[in-house]
Structures are given as structure tokens and as C-alpha cells.
Amino acid sequence: MPMKNKLRVLRAENCWSQADLAERLGVSRQAVNAIETGKHDPSLTLAFALADTFGQRIEEIFFPKA
Amino acid sequence: MSNELEKKENIFRFKFMIHIAMFLAVLALSVVLNETNDLSIYSTGFLAMSPVVPIIFLLRLIISHYRSLDEYIQSVMGASLLWAVGVVGCAAMAYGLLSEMVEVPTFSPAFMLPAIAVIFGIAQFIQLKGDAHEE
């Protein structure tokens, strides 16, 4: 199921670059870019890490494309 | 790239270059020893194949590095390897079929692994090109 996300919005709210977010998650900047653009869906571990980083639930960050 | 990832990448690059240097040194030594000495067929064969040993250690290094990468880069590397093996495999098959019918120049199988490495690098570059700039 193709997924959308609001990572870019959440990043902007925190004034983080993709590199900043990548460093917090311990992944590459390319990985963050790929998740944001929908090119790659994160694993459960990474999805939980993202949710934890932004203080939100996974379902509030990722949602299926209509 | 984060500082920690950058450090890991630099350490990998350094170890990679050391392994390549070892390969070239063993290759040079095996050629020199084979050319300058009249060795038995077994010694000649062993020396001729000896450069593969540093490559095996290099393969271990690459696999260890692959395991330390994040899931997205692992996915890109996996797809790139599939492309590399597929392209080189198809080229080898085409060459083999052609050689059954027409005269073709001889091609050493020793170039297969470098060909896979080159196609792998190109495939990885193409896949990561879209992620090069922050949007």
C-alpha cells in the first residue's frame, strides 16, 4: 500500500534539515529524503524512531495514499 | 551525512584502499615470481590464484560494512547488485551464445568481478542521484 507522510512539515516545524533529522535517527540523509518523497517506506523500527523523535504516533505521521 | 556515519564511511574507505593495495601487491608478486622462477605447475597455479585471497577478505569487509548501513542504503545496494549481476550475466550469456556461432575475441573470466563492481557502482550512483539534494 503506497504511503504518504508529513515528515517535511514536522521537520519544518522543528527547523531541522534532512541532515539534522538523519543524525538524530542515525540514518543517512538519503534515507530521510527517500522516506519524505515516498520512495521508501521505513521499517517498523525506523517508523517508531521517527514517531518518538517527533513525539507523535506513527499513524499521525504516516497515512495511506487516498 | 551525520558525523558518526561519516566516520564509519571514512574508516571503510581506508580499509578498502588497504585491501586493494594488498591485492595489487600480491598480484605483482605472483607475476614476478612466476616470470622469474621455474616453478612446478602446482606452485605456478597457486601463485597465479593467490591474488583472490585479498579479494575474499575485501568481500568480508564489504559485507560487514553493508550490515552497518541503514535500511534504505541497504535496499539501494541490494538492487544495484541485482542489476550488476543481471547485466554482466546477460552479457556473458550473449558472449557465450555468439562464440558458438562466430569467431569472437577471447575474453578472460577474470574481468567478470571487476565488471560486476563497475556496473554495481553505476547502478548505485543512478539510484542515489535523485536523493543527492535536499528538497
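Check the entry above for the structure.
Here's a quick rundown of the structure. (Residues numbered from 1 in each chain as written. Chains lettered and ligands numbered in written order. Predicted model: local features only at pLDDT ≥ 70, side-chain atom pairs only at ≥ 80, totals over all residues. Heavy atoms only, no water.)

Description of helix α4 (residues 71–101) of chain B
For the α-helix, the turn length of 3.6 residues means that residues three or four positions removed from each other point alike.
Thinking step 1. Over its 31 residues, α4(B) runs 45 Å from end to end, which matches the ideal 45 Å to within 8%, given 1.5 Å per residue.
Thinking step 2. Turning to α4(B), its buried residues number three or more, namely B:Y72, B:I73, B:V76, B:M77, B:S80, B:A84 and B:V88.
Thinking step 3. Against the buried residues of α4(B) lie α3 (29–36) of chain A together with α3 (52–68) and α5 (112–129) of chain B.
Thinking step 4. The N-terminus of α4(B) is capped by B:D70, whose side-chain oxygen sits 3.0 Å from the backbone nitrogen of B:Y72. (Helix = DSSP H or I, 4+ residues; strand = E, 2+ residues; numbered from the N terminus. Expected span 1.5 Å × (residues − 1). Buried < 20%, exposed > 50% of the residue type's maximum accessible area, 1.4 Å probe, protein only. Contact = heavy atoms within 4.5 Å. Polar contact = N/O pair within 3.5 Å; in protein donor to acceptor, adjacent residues only side chain to side chain.)

Focus on the packing of helix α1 (residues 3–36) of chain B against helix α2 (residues 41–49) of chain B
Residue and element names in this part refer to chain B.
Thinking step 1. Contact geometry for α1 and α2: axes closest at 8 Å, N-to-C directions at 155 degrees. Judged by the inter-axis angle, α1 sits roughly antiparallel to α2. You can see that α1 and α2 cross each other, and the crossing is left-handed. Here S30, L33 and N34 of α1 lie close against α2, whose contacting residues are T44, L47 and A48.
Thinking step 2. Of the residues belonging to the contact of α1 with α2, the class tally is three nonpolar, three polar and no charged. (Axes fitted to C-alpha atoms, helices over the stretch in contact; angles between N-to-C directions. Parallel < 35°, antiparallel > 145°, perpendicular 65-115°, else oblique. Left-handed = near helix turned anticlockwise from the far one by under 90°. Nonpolar A, V, L, I, M, F, W, Y, C, P; charged D, E, K, R; others polar.)

Things to note about the environment of B:V32
Thinking step 1. Looking at the secondary structure, you find B:V32 in helix α1.
Thinking step 2. Measuring from C-alpha to C-alpha, the distance between B:V32 and B:A84 comes to 33 Å, with 52 residues separating the pair along the chain.

Here we look at the interface of chain A and chain B
Thinking step 1. Between chain A and chain B, the residue contacts involve 21 residues of the former and 15 residues of the latter.
Thinking step 2. Both faces considered, chain A and chain B share a buried interface measuring about 1,500 Å² in area, 47% of it formed by carbon and sulfur atoms.
Thinking step 3. The largest per-residue losses of area from chain A upon contact with chain B belong to A:R29, A:Q30 and A:K39, which jointly make up 31% of the total buried on that side.
Thinking step 4. Counting the contacts that link chain A with chain B gives zero salt bridges.
Thinking step 5. For the interface between chain A and chain B, the tally reads five residue pairs in polar contact (both at pLDDT 80 or more).
Thinking step 6. The leading source of residues in the side of chain A that touches chain B is α3(A), at five residues.
Thinking step 7. Residue classes in the side of chain A that touches chain B are distributed as six nonpolar, nine polar and six charged. (Buried area = accessible area lost by both parts, 1.4 Å probe. Salt bridge = Lys/Arg side-chain N within 4 Å of Asp/Glu carboxyl O.)

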